[in-house]
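# Coordinate inspection notes
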2 protein chains.
Amino acid sequence: MSFTPPQPNDASTSKQRLDASKLKFTQSTFLHPVPEPGSPELWAQNVHTDHMVTCRWTAEKGWDAPEIKPFADFSISPLASCIHYATQCFEGMKAYRGVDNKVRLFRPDRNAKRLVMSAKRVSLPEFDDAELVKLIKALVRTDSKRWLAEPGSFRYVRPALIGTGRQLGVQIPREAVLFIVMVCWPDFSTETPPGVSPRSDLRLLTSRNDTIRAWPGGFGYAKVGANYGPSFASHCAAQESGYDQILWLFGNDGQVTEAGASNFFAIVKDEHASKLQLLTAPLDDKVILDGVTRRSVLELVETRLADELEARETKFTISDLEKAWKEGRLVEAFVSGTAFFIKDVSTIRVGDHNLDLAQKQDNAAKFGPRIKGWLKDIMFGVEEHKWGVIV
Amino acid sequence: MSFTPPQPNDASTSKQRLDASKLKFTQSTFLHPVPEPGSPELWAQNVHTDHMVTCRWTAEKGWDAPEIKPFADFSISPLASCIHYATQCFEGMKAYRGVDNKVRLFRPDRNAKRLVMSAKRVSLPEFDDAELVKLIKALVRTDSKRWLAEPGSFRYVRPALIGTGRQLGVQIPREAVLFIVMVCWPDFSTETPPGVSPRSDLRLLTSRNDTIRAWPGGFGYAKVGANYGPSFASHCAAQESGYDQILWLFGNDGQVTEAGASNFFAIVKDEHASKLQLLTAPLDDKVILDGVTRRSVLELVETRLADELEARETKFTISDLEKAWKEGRLVEAFVSGTAFFIKDVSTIRVGDHNLDLAQKQDNAAKFGPRIKGWLKDIMFGVEEHKWGVIV
């Protein structure tokens, strides 16, 4: 790590670094009941496992020794930075029980590096991303016996960093807490919530001109709380209108950026190209998240589908999509992310009409499901791959 | 209030409304020491008074009875929406002990209305703003005897609303807590922190092209946490370079928007106008905060300075300011806000050079100090005015 001069939150050598080898362990005396597979309470996304990791940081001393301890509420001052000024960032990842009974994480190094980057964007302290991966593994190891018992099952892991300093001034937090929790999560990619009629497709509603998720020079590329709360109203309005997610457009020309909190992909035929084009928004403007699943999709297309598909990280607009759709050249669309995994898009609502995507019955003929299958095989150990990191 | 159909957080009649008349009171048994006037600990902006107001809301029941109780930490779930998704908003205002020994708030109705608006932007529940004003008054009444003893003194009041529902999904919070705390605050408009050489001016650094505070379609107009944390890094970098605040520019043409967390005003001579022009950014694009002090400055200029000054809420760019400065037409600049009150700008850093504003020794000749004087008289009861609301 290069030394940058008077960065107050810099992990300079005089302060203690985040060090997973100092981990302290306190066994929970109360074991929470584990929900049945597929049970409705998974949809609440708030059933947590028995333990959590916490680690406190102060500007004076740096990082304390991390702890694994019974899951419990935090004591947070009404003056804490994180509840007034959104000094908070997080990661989302999953732990998988493989067909070989081994527990894996999917590319945890990328999530850990991104949390370091996000922390910087909201002036939270730096840490060594490799230590975070060790702490994530430690929590998963602790709780996987009861909570990840079934081969083929998964749980959601949420590392987060919050500014806990009691500071109402416009100031960089002088105290912070890094924590990791594990919760039960439904399978969004194949199931629907209780009371919602089962369908496996995804209906997107394009964002209105007066609502923009992120902007160049802002923080759309970082996984910070500030990107989420302000988008809930649009998300909720979309759901009330019968859609699942907002397709976020940007700029007067309606550039396609993200879908909800997922990355978006479209596959189009281009008369000037010999192969089908897989389009997804580029990272350069820093308005979209550098998704781990997004990156993995692009890499798999390059290594396994190069004969059929050309992956292009490029600006494209909703008019481009509409034109392709009208001309019968919009072949497929899907979203990718940890929460939704990979999910087929069936409809995109643009103004007062729908772009309906033909639903082929044969999943093997579609790229989204094929890529999803490969990723699933890696996550659950059907295929041994460096991305599937054994815990 | 008009009824909007299935808005989950709508304060519909079947649910309990926020009701200050139900206020429950628990006296603190421990009274915290009150810092001396001007003492260094005021600069920490975290010395709180003895009590706080809290009020819980749930999607099922609406608002519980509010409480005044001893100041204490919150118990917040590691899964709470507010620490992951920035479902949080706040207000900043002050309570003043007048020369007549009465305690006043300054236009609290405007802060309360703005909190309702901010809450909506981050999908937090609605409430009756008049009830919030009653709760603020109740807290100030409770703690003003010990904490606002001296005529001419003030404290900072922070109402806030946070989403406490345990929800890691992208969902509107189903639980929230409204709270109000009062803390000691330094007089930024006349003092400097311990160790900083005393000066009453303000040095602004224009924001870089790659960092913007807010954008049209975003939430710059709302007092939500999401506007603050992501701006700390720029703020800190400005301070390290010897400046006090960022002057936030927007767009390719460098529109002048806000200074730090304050509104910005410039007074320029315009050859085509008979009067001096008071320029400040307009509210239409919704990128700046509709500041209570900003609004009051504009209203005072209209009612008391109409012969000398023409107030214009209009787009203007840093190039406009620079041109005016070069031609000797940039007469004065100041910022306004609750935290900084009204403060003269002495320098604006643009690229590699400074726009230095002539520092007249005679404050009576300057508009900023004159307006500040009027506001101060209202706040401290020297002038009886409807804006000074007796608690």
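All values reported here derive from a predicted model rather than from experimental measurement.

What counts and what doesn't
Residues numbered from 1 in each chain as written. Chains lettered and ligands numbered in written order. Predicted model: local features only at pLDDT ≥ 70, side-chain atom pairs only at ≥ 80, totals over all residues. Heavy atoms only, no water. Helix = DSSP H or I, 4+ residues; strand = E, 2+ residues; numbered from the N terminus. Rg over C-alpha atoms; globule rule 2.2 N^0.38 Å. Buried < 20%, exposed > 50% of the residue type's maximum accessible area, 1.4 Å probe, protein only. Contact = heavy atoms within 4.5 Å. Areas by Shrake-Rupley, 256 points an atom, 1.4 Å probe, with all protein chains shown as cover. Least-squares fit on C-alpha atoms with pLDDT ≥ 70 in both. Phe/Tyr/Trp six-rings, centres within 6.5 Å; stacked < 30°, edge-to-face > 60°. Buried area = accessible area lost by both parts, 1.4 Å probe. Salt bridge = Lys/Arg side-chain N within 4 Å of Asp/Glu carboxyl O. Polar contact = N/O pair within 3.5 Å; in protein donor to acceptor, adjacent residues only side chain to side chain. Axes fitted to C-alpha atoms, helices over the stretch in contact; angles between N-to-C directions. Parallel < 35°, antiparallel > 145°, perpendicular 65-115°, else oblique. Nonpolar A, V, L, I, M, F, W, Y, C, P; charged D, E, K, R; others polar. Left-handed = near helix turned anticlockwise from the far one by under 90°. Domains from an automatic or database assignment.

### Focus on the overall build of chain A
The secondary structure content of chain A amounts to seven helices and 20 strands. The C-alpha radius of gyration computed for chain A amounts to 21 Å, which stays within 12% of the reference 21 Å derived for 391 residues, consistent with globular compactness. Counting over 391 residues, chain A shows a buried share of 60%. Look at the contacts in chain A between residues 6 or more apart in sequence, and 72% of them connect residues 24 or more apart. As displayed, chain A offers around 15400 Å² of accessible surface, 50% of which is attributable to carbon and sulfur atoms.

### Side note on the relation of the copies chain B and chain A
Overlaying chain B with chain A gives an RMSD of 0.0 Å, the required rotation being 180° about an axis along which the chain moves by 0.0 Å. Overall, the copies show the geometry of a two-fold rotation axis. A share of 97% of the interface residues of chain B reappears at the interface of chain A, consistent with the copies meeting face to face through the same patch.

### Considering the packing of aromatic side chains
Residue and element names in this part refer to chain A. Summed over the entire model, instances satisfying the criterion amount to 34 aromatic pairs over all chains. On the numbers, 6.4 Å between centres and 45° between planes, the contact of Tyr96 with Phe154 is tilted. A residue pair is termed long-range when its members are at least 10 positions apart, and Tyr96 in strand S7 (residues 93-97) and Phe154 in strand S9 (residues 154-163) qualify at 58 residues. By relative accessible area, Tyr96 is classed as buried at 6%.

### Quick notes on unusual backbone geometry
All names here are of chain B. Although it is not a glycine, Gln45 adopts a positive phi angle of roughly 55°. Residue Ala86 is not a glycine yet carries a positive backbone phi of 55°. Within the secondary structure layout, Ala86 lies in the loop between helix H1 (81-84) and strand S6 (88-90). For Ala86, a relative accessible area of 0% gives the class buried.

### Quick look at the interface of chain B and chain A
The partner chain A presents 65 residues to the 65 residues of chain B that form the contact. Carbon and sulfur atoms make up 62% of the area that chain B and chain A hide from each other, which totals about 5300 Å². Inspection of the chain B/chain A interface yields zero salt bridges. At the junction of chain B with chain A, the criterion picks out 28 residue pairs in polar contact (both at pLDDT 80 or more). Elements with a contribution of two residues or more to the side of chain B that touches chain A: strand S5 (74-76), H1, S6, strand S9 (154-163), strand S10 (175-183) and helix H4 (232-240) of chain B.

### Concerning the packing of helix H5 (residues 292-304) of chain A against helix H7 (residues 367-379) of chain A
Packed helices, taken two at a time, are described by their axes: the angle between them and the distance between them. All names here are of chain A. For the pair H5 and H7, the least separation of the axes is 10 Å and the interaxial angle reads 105°. Comparing the axis directions of H5 and H7 gives the class roughly perpendicular. Every residue of H7 that contacts H5 at Thr293, Ser296, Val297, Leu300, Val301 and Arg304 is listed here: Ile371, Trp374, Leu375 and Ile378. Counted by class, the contact of H5 with H7 contains seven nonpolar, two polar and one charged residues.

### What to know about the packing of helix H2 (residues 108-121) of chain A against helix H3 (residues 129-147) of chain A
Residue and element names in this part refer to chain A. It is at 8 Å that the axes of H2 and H3 come closest, and there the two elements cross at 125°. Compared by their axis directions, H2 and H3 come out oblique. Between H2 and H3 the crossing geometry is right-handed. Counting all contacts with H2, which are made through Pro108, Asp109, Ala112, Lys113, Leu115 and Val116, the residues of H3 involved are Asp129, Leu132 and Val133. Classifying every residue of the contact of H2 with H3 gives six nonpolar, no polar and three charged.

### Focus: the domain arrangement of chain A
Residues and elements named next belong to chain A. As far as domains go, chain A holds domain 1 (20-183) and domain 2 (202-379). A C-alpha centroid distance of 28 Å is found between domain 1 and domain 2. Contacts between the two partners involve 19 residues from domain 1 and, on the opposite side, 21 residues from domain 2. Counting each side, the surface lost to burial between domain 1 and domain 2 is near 1800 Å², with a carbon and sulfur contribution of 61%. It is Phe106, Arg114 and Arg121 in domain 1 that bury the most area against domain 2; as a group they hold 34% of the surface buried on that side. Inspection of the domain 1/domain 2 interface yields two salt bridges. Among the salt bridges present, the one from Asp290 reaches Arg110, with a minimum N-O distance of 3.9 Å. Applying the counting criterion to the domain 1 and domain 2 interface returns 10 residue pairs in polar contact (both at pLDDT 80 or more). Of all the secondary-structure elements, those providing two or more residues to the side of domain 1 that touches domain 2 are strand S6 (88-90), S7, strand S8 (103-106) and H2. In terms of residue count, H2 provides more of the side of domain 1 that touches domain 2 than any other element does, six residues in total. Grouping the amino acids of the side of domain 1 that touches domain 2 by side-chain chemistry returns eight nonpolar, four polar and seven charged.

### Concerning the environment of Phe30 of chain A
Residue and element names in this part refer to chain A. Along the chain, Phe30 turns up in the loop between strand S1 (24-25) and strand S2 (51-58). For Phe30, a relative accessible area of 49% gives the class partly exposed. Taking the C-alpha atoms as reference, Phe30 lies 7.6 Å from Asp50; in sequence the two are 20 residues apart.

### Quick look at the pattern of salt bridges
Residue and element names in this part refer to chain B. Going through the model one piece at a time under the given rule, you end up with 44 salt bridges over all chains. Here Glu175 and Arg56 are joined by a salt bridge, their closest N and O atoms 3.3 Å apart. With a gap of 119 residues between them, Glu175 in strand S10 and Arg56 in strand S2 (residues 51-58) connect regions that are remote in the sequence. Residue Glu175 is classed as partly exposed on the basis of its relative accessible area of 29%. The salt bridge partner of Arg295 is Glu313, with a shortest N-O separation of 3.9 Å. Here the residue Arg295 occupies a position in helix H5 (residues 292-304), and Glu313 occupies one in strand S16 (residues 309-313), the gap between them amounting to 18 residues. Of the residues examined, Arg295 reaches a relative accessible area of 16% and is grouped as buried.

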